[in-house]
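What the coordinates show
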Amino acid sequence: MTITAKSQLPNVFSPNLESITSKTDGSLPTLGAELVYTQDGAGRYLTFYWQHSELLGLNTEKIVDELNQTQTFAAVDKVTYFERLHRILTSLVPERFQCWFSYHQELFELDLVISPIMPSLGTTATTVLVMGRLVQATLNKKQVRVASKTPTQIELALRSQQHQKLVNRITRNIRRTLDLDIIWQQTVDSLGKALRLERCIICPYQPSSSKVKVKAEYHQPELKSMLGSEIYIASEPAFAQVLATLEPVVMEVPGYTESRQKTLVVATCYQDQPNGLVALNWQDECYTLTESELELAKEAADQLGTAIAHATLYKELEAARQKAEEASRLKSEFLANVSHEIRTPLNGMIGFLKLILEGMADDPEEQNQFLAEAHHLSIHLLNIINDILDIAKIEAGKMDLVYAPVKLDELFSDVESFMRPQAEMRSLSFRMQMPATSDEIIVQSNYQRLLQVMLNLVGNATKFTHEGGVTVSADLVLKKANFQDQQFPGMVRVRVADTGIGVSLDKQDKLFQLFSQVDGSRTRHYGGTGLGLAISQKLVEAMGGEVHFYSLGEGLGSTVTFTVPLYQQPVMVSSPDSDSTDSAEC
């Protein structure tokens, strides 16, 4: 490649030719270049300096005489090199180009700038000043039949510089962002391209996990991608060793012996704790890694591990901030709804009592009606306050329950006496179904809290149903269960089903969240604090059961089920459905 730089590269002027050509190589480093030498038109070295001279075994004191006598350090394509040299001496225009030089069995690609040393007026230029740098070094395979695996000193020096620059570039890149996906991909791309790897992958690691997943990958086009693959640590001895020792491991890749393919595995760490694995795959014939290069790999992995830890921490903090903001928003919305719910019955009570105090009741019957309405509103207000107090106790972990045997038929009877009138006022059907048994069904629970749960669930079903009805049923799950270090013969599953407005599938996860409501507009339309399901779930879980919600979508009704421990197994009434009942699932 030839680059002519008539306007970019300055001429080197010297009124005294001997002052340049008589310099020893010890004075040339002051020019600031890695490689500096002067030659005459015949290609004879007049002065010579190179940073890597000692690595080549050149005698720096007699280097010029040695090079001229042996002609060992010379351009591979001598004809083209001398044609260019003579053109520069004739045109007096400096040129920049890349050229391969050989020294014994090694080849060096050099980036050179050749400038004519300007002669005195009336004379012809006979000398050039050459300044350059080493681009790459390799073994001359034309001269050696068998490639040596041991890198030469010049290769080691060049690779050390390249790898250090690579580590610095990776460090700069990962410090510019806190996005883990970008950090991982930039790292594998930088390593893969700079080191000409077959493949490079990064796998985040969690100490509690037995496997890792490939999150970022660089690979050659002919190879199949591993992105997204899961790798069991136990199946890869190198992975397990690296995680245990935090030291890099070089291993032979199974099944690739003929092509001599190897893999370097390095653990990324933060505060001596691994948080990821980096695997680099290359052809063994390229070169053998040295101890210093393994240290560089470890340094790069440490930098990456720190970046991963910081990015993960930032991500967690950002998620916590968003969660806190959402919680604050939900609580503000909840307080607004609760304040409305409290004011509504309170204003009604004040209004009815004021009418009585001001003598606005026409007769004792109307006065009693006003008192009844005020009493009803006071009960409603008390229920709201109880909900708020219950959720406060649950949040504080101070909900203490006393458990005792509870007769299911008595519980159902009380629920029916409370809820049937409300359902009939809304022209809804109301059915309650008990399992077919010849004796009583008794559960181990807290009666008041169990009644509260059922009233909440049936009340919700009634409130959100405009037509159709509500069905409350129970069945037995005869599968042994443990609660409070005691074994019970099974569970009783209570089901509350309605034909109401239902809940869309994407909003059902909000039903049991504290201070969270599926739709704020519904709350304003139907009333309520939105705490019913959350309180019911907490109470049922405290009593050893589970709550589940089912709905196929909006307008398709909903079903809520909960379970409580069965105190003793009742005698079942023989029926065709008894077998299916006995095999019911939890």
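Residues numbered from 1 in each chain as written. Predicted model: local features only at pLDDT ≥ 70, side-chain atom pairs only at ≥ 80, totals over all residues. Heavy atoms only, no water.

Bringing the side chain of S558 into the picture now. Residue position: S558 is located in strand β24 (residues 558-568). For S558, a relative accessible area of 11% translates into the label buried. (Helix = DSSP H or I, 4+ residues; strand = E, 2+ residues; numbered from the N terminus. Buried < 20%, exposed > 50% of the residue type's maximum accessible area, 1.4 Å probe, protein only.)

Turning next to helix α13 (residues 532-542). When you tally the buried positions in α13, you get 8 out of 11 residues, the bulk of the element. Within α13, the full set of buried residues consists of G532, L533, A534, I535, S536, Q537, L539 and V540. Those residues of α13 that are buried lie in contact with α9 (364-396), α11 (447-463), β23 (547-550) and β24. (Contact = heavy atoms within 4.5 Å.)

Locating A300 in the fold gives a position in helix α8 (residues 291-357). A residue is classified by how much of its surface remains accessible, and A300, at 13% relative accessible area, is buried. Sequence separation of A300 and T187 is 113 residues, and the distance between their C-alpha atoms is 9.6 Å.

What follows is about the packing of α11 against α13. As a packed pair, α11 and α13 sit with axes 9 Å apart at the nearest point and diverge in direction by 145 degrees. The chirality of how α11 crosses α13 is left-handed. Between α11 and α13, the residues in contact are R449, Q452, V453, N456, L457 and N460 and G532, L533, I535, S536, L539 and V540, respectively. Residue composition of the contact of α11 with α13, grouped by class: 6 nonpolar, 5 polar and 1 charged. (Axes fitted to C-alpha atoms, helices over the stretch in contact; angles between N-to-C directions. Left-handed = near helix turned anticlockwise from the far one by under 90°. Nonpolar A, V, L, I, M, F, W, Y, C, P; charged D, E, K, R; others polar.)

Next up on the list: the pairing of β23. Across a regular strand the side chains alternate sides, sitting on one face of the sheet and then on the other. Alternating residues of β23 divide into V547 and F549, all buried, and H548 and Y550, none buried. In the sheet, β23 pairs with β24 via 4 bridges, with the strands oriented antiparallel. Bridge pairing in β24 places F549 opposite V560. (Pairing = 2+ DSSP bridges.)

Let's shift gears to a negative patch on the surface. A grouping of D272, E295, E299 and D302 is seen on the molecular surface, where their side chains present a negatively charged patch. Among the secondary structure elements, D272 is positioned in the loop between β14 (261-270) and β15 (273-283). (Patch = residues over 30% accessible without salt bridge, like charges linked within 9 Å, V, L, I, M, F, W, Y side chains within 5 Å. Areas by Shrake-Rupley, 256 points an atom, 1.4 Å probe, with all protein chains shown as cover. Salt bridge = Lys/Arg side-chain N within 4 Å of Asp/Glu carboxyl O. Lys, Arg positive; Asp, Glu negative; His and termini not counted. Charge placed at Lys NZ, Arg CZ, Asp CG, Glu CD.)

Within β14, 9 of the 10 residues are buried, which leaves the element mostly enclosed by the surrounding structure. Bridge analysis of β14 against β15 gives 10 bridges, and the strand direction is antiparallel. Bridging across to β15, T263 finds its partner in N281. Between β14 and β15, which follow one another and run antiparallel, lie 2 residues, and Q271 among them has a positive phi close to 55 degrees.

Another aspect to go through is the confidence of the model for the protein. The predicted model of the protein has a mean per-residue pLDDT of 79, with 80% of residues at 70 or higher. Looking over the protein, one finds the lowest element-wise mean pLDDT in strand β1 (residues 2-4), namely 35, and the highest in strand β22 (residues 490-498), namely 94. Taken together, the stretch residues 1-26 has pLDDT below 50 and engages in 45 contacts with residues farther than four places along the chain or on a different chain. (pLDDT = per-residue confidence, 0-100.)

The biggest cluster of nonpolar side chains holds 47 residues, and the ones touching the most others in it are M454, V472, V492, V494 and F562. Among the elements of the structure, α9, α10 (408-425), α11, β19 (469-477), β22, α13, β23 and β24 are those that each provide at least two residues to this core. Broken down by element, this core gets its largest block of residues, 7 residues, from α11. Setting aside chain neighbours within four positions, we find V472 in contact with F412, F430, R431, M432, Q433, M454, V458, V494, R495 and V496. (Core = buried A, V, L, I, M, F, W, Y, C linked by side-chain atoms within 4.5 Å.)

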